[in-house]
Amino acid sequence: MESQNLQKQNHKIQTIQPEELLTRKPQDGKPQGSDRTELKSKRRQAALFLLILFLLLYIPGKLLTPKLMNNLDLSSGRNGVIPKILSEPADSVDLLIVGDSESYTSIDPRLMFKNYGIRCYAAGQAGATIGESYEILEKSLTRQRPRIVLYESNSLFRTQPDTNRTGAVITNTMEKIFPLIKYHSAWKSPFIAKFVKTYKGFRIDTRIKPYRGGNYMRKDMASDDNAEIGWNNIRYLEEMKALAEANGAVFIMYSAPSPKNYDYSKHIALTKLAEKEGIQYVDMNAHNKELKMNWAKDTRDRGDHLNVYGARRATRFMGRYLSEKNDLMALRSGDMKTSSISGARKADTVPGRK
């Protein structure tokens, strides 16, 4: 009896209804009939989606030329630095300034031209790493032929990511193919422009928030803990110098007056680095008396950045240095045109006078 029940169960398990034969897949698992058509449809939909996504990222990025971004007021903030400098008339910059926010708040192009006849542009970027400053310099040199490249040194103490790492390489490649990735926040620019006034990259800021911390360059307060400069930063500094010189420009490093960002230990570290690399270096923090800095009114944020009043002092100091230490009167080799800065030595040589 048990054997008969077992046979009936096996027969029931192996029984296949006729309608199952129409939809059942073969043993190899390959789809048949309508399943194969449905799979092809899904693949076409996926391919169409990727194509549309590619076009949405690629085309707008290619249309966002520097000129268009400026015309549409889309070139304010960090991502607006390169579009703005590339929109300047070709060969119209004698002195190109790069660095982080200390660079575009310390040298006033209006005063530099008025007093020294030097056409200046501040191509600094907020929170820039030295690698980002190198990129700005590289792009700027495709359109400008500055006589001097002035690099503000604060970003040397900021961590520079290793661009040879896989993640960085992928990101850089994607930004080159799809510029929209890099300029995705450009829509904020019209709102930023309403509250920020600039001229040739220089931040015009009249706010006053005093610094009251006293002498920040005292030797007895020096500490090596915050004066370390990473090897990757030094590599970029060397490459920046080589790039400037390859394009016929003198490369100079300077430190803007800033109690928050500089002290005596950084002064020593930067001085030694400049000597080792053969770079001219001007530390304005070591010349506070000559600049006649008045920290009760020369800073907009308690000693971090200069306002327009502090920038006047720094600009006069730097203008005198450039006129006396570097022959700005000399023409480029083979250039027979009249120098655009022939009046550079008719300068106001009193750094502290407003």
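Okay, so let's go over this structure.

As for a nonpolar patch on the surface
In step 1: A contiguous nonpolar patch, built from Leu48, Leu51 and Ile52 and spanning about 280 Å² of accessible area, is present on the exposed surface.
In step 2: Relative to the assigned elements, Leu48 resides in helix H3 (residues 34-63).
In step 3: For Leu48, a relative accessible area of 48% gives the class partly exposed.

Notes on unusual backbone geometry
In step 1: A positive phi is found at Asp91, a non-glycine position, where the angle reads about 55°.
In step 2: Tracing the sequence through the fold places Asp91 in the loop between helix H5 (81-86) and strand S1 (95-98).
In step 3: Taking relative accessible area as the criterion, Asp91 reaches 40% and is therefore assigned partly exposed.
In step 4: Although it is not a glycine, Lys200 adopts a positive phi angle of roughly 50°.
In step 5: Relative to the elements of secondary structure, Lys200 occurs in the loop between strand S4 (198-199) and strand S5 (202-203).
In step 6: Lys200 gets classed as partly exposed once you look at its relative accessible area, which sits at 30%.

Quick look at the nonpolar core
In step 1: Judged by nonpolar contacts, the single largest core of 32 residues is most densely connected at Tyr151, Leu156, Leu237 and Met253.
In step 2: Of all the elements in the fold, those that place two or more residues in this core are H5, S1, helix H7 (130-140), strand S3 (148-152), helix H11 (231-246), strand S6 (250-255) and helix H12 (264-277).
In step 3: Here this core takes five residues from H11, the largest share from any one element.
In step 4: Those residues within four positions of Leu156 in sequence are excluded, and the remaining contacts are Ile130, Tyr151, Ile229, Asn233, Leu237, Met253, Leu270 and Leu273.
In step 5: Counting 28 residues, the second-largest nonpolar core is a separate cluster that includes Met112, Ala256, Met293 and Phe317.

Quick notes on the packing of H7 against H11
In step 1: At a minimum axis separation of 9 Å, H7 and H11 run at an interaxial angle of 15°. Looking at the two axes, H7 sits roughly parallel to H11. Relative to H11, H7 is oriented so that their crossing is left-handed. Every residue of H11 that contacts H7 at Ile130, Gly131, Ser133, Tyr134, Leu137 and Glu138 is listed here: Asn233, Tyr236, Leu237, Glu239, Met240 and Leu243.
In step 2: Along the lines of polarity and charge, the residues of the contact of H7 with H11 split into seven nonpolar, three polar and two charged.

Description of the sheet that holds S3
In step 1: Spatially, S2-S1-S3-S6-S7 is the arrangement adopted by the five strands of the open sheet, whose pairing is parallel. If you trace the sheet from one side to the other, it starts and ends with strand S2 (120-122) and strand S7 (280-283), each paired once. Looking at each pair of strands side by side, their axes are set apart by 20° on average, direction ignored.
In step 2: Pairing analysis gives five bridges linking S3 to S6, with the strands arranged parallel. Its bridge partner lying in S6, Ile148 is registered against Val250.
In step 3: Its contacts with the sheet place H7 against S1 and S3, and it is angled at close to 155° to S1.

So, the side chain of Lys241
In step 1: Structurally, Lys241 can be placed in helix H11.
In step 2: A relative accessible area of 16% means that Lys241 is categorised as buried.
In step 3: Among residues more than four places away in sequence, those in contact with Lys241 are Phe251, Glu277, Gly278 and Ile279.

Topic: the pattern of salt bridges
Two side chains carrying opposite charge are able to pair once their charged atoms lie near each other.
In step 1: Per the counting criterion, the structure on display carries 15 salt bridges.
In step 2: Ionic pairing is found between Lys200 and Glu88, a salt bridge with its closest N-O pair at 2.7 Å. You can see Lys200 sitting in the loop between S4 and S5 and its partner Glu88 sitting in the loop between H5 and S1, a full 112 residues away along the chain.
In step 3: Taking the relative accessible area as the measure of exposure, Glu88 reaches 14% and is therefore buried.

A few points about the packing of aromatic side chains
Two aromatic rings, taken as a pair, are described by how far apart their centres are and by the angle between their planes.
In step 1: One pass over the full model with this rule turns up five aromatic pairs.
In step 2: Where Tyr151 meets Phe251, the ring centres are 6.4 Å apart and the plane angle is 15°; that geometry is what we call stacked. On the criterion of sequence distance, the pair formed by Tyr151 in strand S3 and Phe251 in strand S6 is long-range, its members being 100 residues apart.
In step 3: Overall, the relative accessible area of 3% leaves Phe251 in the buried class.
In step 4: Ring geometry for Tyr211 and Tyr216: centres 6.2 Å apart, planes at 85°, overall edge-to-face.
In step 5: Judged by relative accessible area, Tyr211 falls into the buried class, the value being 18%.
In step 6: Residue class for Tyr216 comes out buried when judged on its relative accessible area of 7%.
In step 7: Aromatic ring contacts, followed pair by pair, group Tyr211, Tyr216 and Trp295 into a single cluster.
In step 8: The ring of Tyr236 is capped by Arg235, whose NZ or CZ atom sits 4.8 Å from the centre of that ring.
In step 9: Sitting over the face of the ring of Phe157, Lys266 holds its NZ or CZ atom 4.6 Å from the ring centroid.

Digging into the pairing of S3
In step 1: Taking burial as the measure, the five residues of S3 include five buried ones, the bulk of the element.
In step 2: Of the two faces of S3, the one lined by Ile148, Leu150 and Glu152 and the one lined by Val149 and Tyr151 are each fully buried.
In step 3: The sheet contact formed by S1 and S3 spans four bridges and is parallel. Across the sheet, Leu95 pairs through a bridge with Ile148, a residue of S3.

Reading the values: rules and limits
Going along each chain's sequence as written, the residues are numbered from 1 onward. Restriction of local features to residues with pLDDT of at least 70 applies here, the model being predicted, together with a cutoff of 80 or more for giving and counting side-chain atom pairs; totals for whole chains, interfaces and linings are based on all residues. Side-chain measures here rest on the full set of heavy atoms in the structure, leaving out hydrogens and waters. Patch criteria: residues need more than 30% relative accessible area and no salt bridge. Like-charged residues are merged within 9 Å; nonpolar side chains of Val, Leu, Ile, Met, Phe, Trp and Tyr are merged within 5 Å. For the area figures, the Shrake-Rupley method with a 1.4 Å probe applies, and any residue is considered shielded solely by the protein chains shown. Here a salt bridge means any side-chain nitrogen of Lys or Arg lying within 4 Å of a carboxyl oxygen belonging to Asp or Glu. Note on conventions: DSSP H or I runs of at least 4 residues are helices, E runs of at least 2 residues are strands, and numbering of each starts at the N terminus. Residue exposure (1.4 Å probe, protein chains only): buried if accessible area is under 20% of the type maximum, exposed if over 50%, otherwise partly exposed. For the purposes of this section, nonpolar cores are sets of buried Ala, Val, Leu, Ile, Met, Phe, Trp, Tyr and Cys residues that join through side-chain atoms within 4.5 Å. Here a residue-residue contact requires only that any non-hydrogen atoms of the pair lie within 4.5 Å. Between the N-to-C directions of two axes lies an angle of 0 to 180 degrees, each axis being a line fitted to C-alpha atoms and, for a helix, fitted only over the stretch in contact. Should an angle fall under 35 degrees it is called roughly parallel, over 145 degrees roughly antiparallel, and 65 to 115 degrees roughly perpendicular, with every other angle called oblique. Each crossing is labelled by how the near helix is turned from the far one, with a counterclockwise turn of less than a right angle marking it left-handed and a clockwise turn marking it right-handed. Three classes are used, and their members are as follows: Ala, Val, Leu, Ile, Met, Phe, Trp, Tyr, Cys and Pro are nonpolar, Asp, Glu, Lys and Arg are charged, and the others, Gly among them, are polar. The rule for pairing is simple: two strands pair if DSSP sees at least two bridges between them. Centre distance within 6.5 Å is the pairing criterion for rings of Phe, Tyr and Trp, where only the six-membered ring of Trp is used; planes under 30 degrees apart are then read as stacked, over 60 as edge-to-face, and the remainder as tilted. Both a distance and an angle decide whether a charge sits over a ring: NZ of Lys or CZ of Arg must be within 6 Å of the ring centre and within 35 degrees of the ring normal.

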